[in-house]
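For reference, the chains in residue letters:
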Amino acid sequence: SPSCPDGSKRRVCYYYDAGIANVDYGAHHVMVPRRVAMTHGLVASYGLLRDMELLRTRPATQDEIAYILTDDYLRLLRDLTPDTYRADSARRHKIGALSLSGDERNDNPVIDGLWDYCARYAGGSLAAARALGTGTSDIAINWSGGMHHACSGEASGFCYVNDIALALTELLATFPRVLYVDIDVHHGDGVEKYFASDGKVMTVSFHQFGRAGKGDDTFFFPGTGNAKDVGEGEGKYRTLNVPMKAGMDDTGYKELFVPIMREVMEVFRPDAVVLQCGADSLSGDRLGEFNLSIRGHAECVAYLRSFNVPLLLLGGGGYTINHVASCWCYETAVALGKEKEIPDDIPHHGYEHYYKDQGYKLHYAVPKAGTKNTKDHMDNIRKEALKNVEKLHE
Ligand code: TV1
Ligand code: CA
Ligand code: ZN
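Keep in mind that what you see is a predicted model, and the values were worked out from it rather than measured.

The rules behind the values
- Residues numbered from 1 in each chain as written.
- Chains lettered and ligands numbered in written order.
- Predicted model: local features only at pLDDT ≥ 70, side-chain atom pairs only at ≥ 80, totals over all residues.
- Heavy atoms only, no water.
- Near = heavy atom within 4 Å.
- Polar contact = N/O pair within 3.5 Å; in protein donor to acceptor, adjacent residues only side chain to side chain.
- Areas by Shrake-Rupley, 256 points an atom, 1.4 Å probe, with all protein chains shown as cover.
- Pairing = 2+ DSSP bridges.
- Helix = DSSP H or I, 4+ residues; strand = E, 2+ residues; numbered from the N terminus.
- Axes fitted to C-alpha atoms, helices over the stretch in contact; angles between N-to-C directions.
- Contact = heavy atoms within 4.5 Å.
- Core = buried A, V, L, I, M, F, W, Y, C linked by side-chain atoms within 4.5 Å.
- Buried < 20%, exposed > 50% of the residue type's maximum accessible area, 1.4 Å probe, protein only.
- Right-handed = clockwise from strand over helix to strand, strands pointing away.
- Salt bridge = Lys/Arg side-chain N within 4 Å of Asp/Glu carboxyl O.
- Parallel < 35°, antiparallel > 145°, perpendicular 65-115°, else oblique.
- Left-handed = near helix turned anticlockwise from the far one by under 90°.
- Donors = N, O, S within 2.8 Å, 3.2 Å for Na, K, Ca; no water.
- Tetrahedral: all angles 85-135°; square planar, octahedral: opposite > 155°, others 65-115°.

1. Structural notes on the site of ligand 1
Turning to step 1, where the next piece is worked out: Taken together, 20 residues are adjacent to ligand 1, and Asp107, His148, His149, Asp280 and Tyr319 come closest.
Turning to step 2, where the next piece is worked out: In this structure, an oxygen atom belonging to ligand 1 sits 2.7 Å away from a side-chain N or O atom of His148.
Turning to step 3, where the next piece is worked out: Residue Asp280 places a side-chain N or O atom 3.0 Å away from an oxygen atom belonging to ligand 1.
Turning to step 4, where the next piece is worked out: Burial of ligand 1 by the protein amounts to 75% of the accessible area it has alone, namely 800 Å².

So this is what it looks like as structure tokens:
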């Protein structure tokens, strides 16, 4: 039950929709929804399904999704197929964020089954939030969710519908205060924007700011998430940003995450926590330039779990897909309190060929690499974040 001390079991609900695995962003796109099916394959082959409830969800309905989208954008997204997109040039120029999958390197292609895809991943996050709201489970998981860049009126950064905003809104029906934490390597700008002036939701994003080997001001998507951005109105000091430089490793990340989150938990006292577990903050990611191991990443999950507050775990980014699946499988084990029990050798399960590069081990080797986060820089960002949290006290 939610009152168990740390270390003991939690009731975990795990939401999986196999229909998402077939979604294709385009041949060369870095976002590969199949990674969620790979995660599921690992979770099943490690026997983790025996210890939790596996739930198939129905796609979110149009009315449910309508709550977080403008009317125009909802209608557009619902009716949009590669064919209608091609035919309607008048509409097309109004939706700059979306483009056809044939175009070169576009973040948000108009793909077949787009609405169905959005409804499915949003349906999972919504159902997971409801399981926490009704008290059916202590931890709910939807690895296909976590699309933190989507806004009410437009798609951005591979995200079309912000399932996190939907889940947070649902949680507010039961819980007076909800905390959102985002360990994806990118800034959680969409979620931040939805709740910037809301006093009941606090958003915290840890992210990379600036590129490796370049000046501090070189663009790393989405370019926002400055420590100075703290929210506004009722939500003032309920937005927290922790911008870090390339090369961040386990030790450095923990030296920021633990003291900052300890303070946030103590001062904001959330009744529920949503953790976006974007796995692009792992070492060797195709987009992110952090150097976290799976254990380092999962320590964030374990740390927030230790507070015994209803916890929603969502996916997000992650572009080296064998790493992503290994990470989210391990974090499923962490949710169950079983991380010490799962062997490092990846079981035979039909997808094992994906793990050749990591020697068929769950915990792949992380190279020693330099970090641009000097001790001075670390002290500064920690101090600035803690100073912002303290303002909540006043
Ligand atoms: C198609 C094919 C699209 C190959 C996109 C990397 C591609 C990228 C592609 C890519 C890519 C981005 C920008 C530039 C904004 C654009 C799920 C000024 C090899 C949560 C989203 C990153 C991250 C978007 C999403 C970013 C998440 N980087 N290859 N696109 N314009 N877009 O920089 O936070 O992980 O890279
Ligand atoms: Ca983040
Ligand atoms: Zn990301």
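The rest of the description comes next.
2. Overview of the sheet that holds strand β6 (residues 178-182)
Turning to step 1, where the next piece is worked out: Pairing is parallel in the open sheet, where eight strands are placed in the order β2-β1-β5-β10-β9-β6-β7-β8. Of all the strands in the sheet, just β2 (53-55) and β8 (239-244) have a single pairing partner and so form its edges. Taken pair by pair, the neighbouring strands of this sheet meet at an average axis angle of 15°, ignoring direction.
Turning to step 2, where the next piece is worked out: Pairing geometry for strand β1 (residues 12-15) and β2, over three bridges, is parallel. Paired with Tyr14 across the two strands is Leu54, which belongs to β2.
Turning to step 3, where the next piece is worked out: Helix α7 (residues 163-172) rests against β6, β7 (201-208), β9 (272-276) and β10 (311-314) of the sheet, and its axis sits at about 160° to β6.

3. Observations regarding the nonpolar core
Turning to step 1, where the next piece is worked out: Among the nonpolar cores identified, the biggest contains 77 residues, and Leu179, Phe206, Tyr253, Phe257, Met261, Val264 and Leu313 are the most heavily contacted of them.
Turning to step 2, where the next piece is worked out: It is helix α11 (residues 321-336) that provides the largest number of residues to this core, a total of 11 residues.
Turning to step 3, where the next piece is worked out: Those residues in contact with Phe206, other than ones at most four positions away along the chain, are Val181, Asp182, Ile183, Asp184, His186, Val242, Met244, Tyr253, Leu256, Phe257, Ile260 and Met261.

4. A look at the pairing of β7
Put simply, side chains in a regular strand alternate between the two faces of the sheet.
Turning to step 1, where the next piece is worked out: Along β7, eight of the eight residues are buried, which leaves the element largely enclosed by surrounding structure.
Turning to step 2, where the next piece is worked out: When β6 meets β7, the two strands line up parallel, connected through five bridges. Of the residues in β7, the one forming a bridge with Asp182 is Ser205.
Turning to step 3, where the next piece is worked out: After leaving β6, the chain enters helix α8 (residues 189-195) and then returns to the sheet as β7, a path that is right-handed.
Turning to step 4, where the next piece is worked out: Sheet analysis places β7 next to β8, joined by six bridges and oriented parallel. Residue pairing across strands places Ser205 opposite Asn241, the latter belonging to β8.

5. Let's talk about the pattern of salt bridges
Turning to step 1, where the next piece is worked out: Evaluated as defined, the whole model comprises 17 salt bridges.
Turning to step 2, where the next piece is worked out: The partner of Arg130 in a salt bridge is Glu170, and the shortest N-O contact between them spans 3.5 Å. Here Arg130, found in helix α6 (residues 114-133), pairs with Glu170, found in helix α7; they are 40 residues apart in sequence, far enough to count as distant.
Turning to step 3, where the next piece is worked out: The class for Arg130 is partly exposed, based on a relative accessible area of 31%.
Turning to step 4, where the next piece is worked out: Judged by its relative accessible area of 24%, Glu170 is partly exposed.
Turning to step 5, where the next piece is worked out: In this structure, the salt-bridge partner of Asp379 is Arg382, at a minimum N-O distance of 3.1 Å. Taken as a pair, Asp379 and Arg382 lie in helix α12 (residues 375-393) at a separation of three residues, close to a single helical turn.
Turning to step 6, where the next piece is worked out: Sharing partners across several salt bridges, the network here consists of Arg58, Glu64, Arg130 and Glu170.

6. Comments concerning the packing of helix α10 (residues 294-305) against α11
Turning to step 1, where the next piece is worked out: The N-to-C vectors of α10 and α11 enclose an angle of 30°; their axes lie 9 Å apart at closest approach. Overall, the two elements α10 and α11 adopt an arrangement that is roughly parallel. For the element pair α10 and α11, the recorded crossing hand is right-handed. Side by side, α10 and α11 meet where Ile294, Arg295, His297, Ala298, Val301, Ala302 and Arg305 of the first sit next to His323, Ser326, Cys327, Tyr330, Glu331, Val334, Ala335 and Leu336 of the second.

7. Side note on the coordination of the calcium ion (ligand 2)
Turning to step 1, where the next piece is worked out: Taken together, the protein donors to the calcium ion (ligand 2) comprise Asp182 (O), Asp182 (OD), Asp184 (O), His186 (O), Ser205 (OG) and Phe206 (O), at separations of 2.4 to 3.0 Å.
Turning to step 2, where the next piece is worked out: One can describe the donor arrangement at the calcium ion (ligand 2) as irregular, given that its six donor atoms subtend angles of 69 to 167° at the metal.
Turning to step 3, where the next piece is worked out: Between consecutive donors of the calcium ion (ligand 2), the numbers of intervening residues give the motif D-x1-D-x1-H-x18-S-F. With His186 in the loop between β6 and α8 and Ser205 in strand β7, this residue pair connects regions lying 19 residues apart in the sequence.
Turning to step 4, where the next piece is worked out: Accessibility expressed as a relative area gives 6% for His186, which makes it buried.

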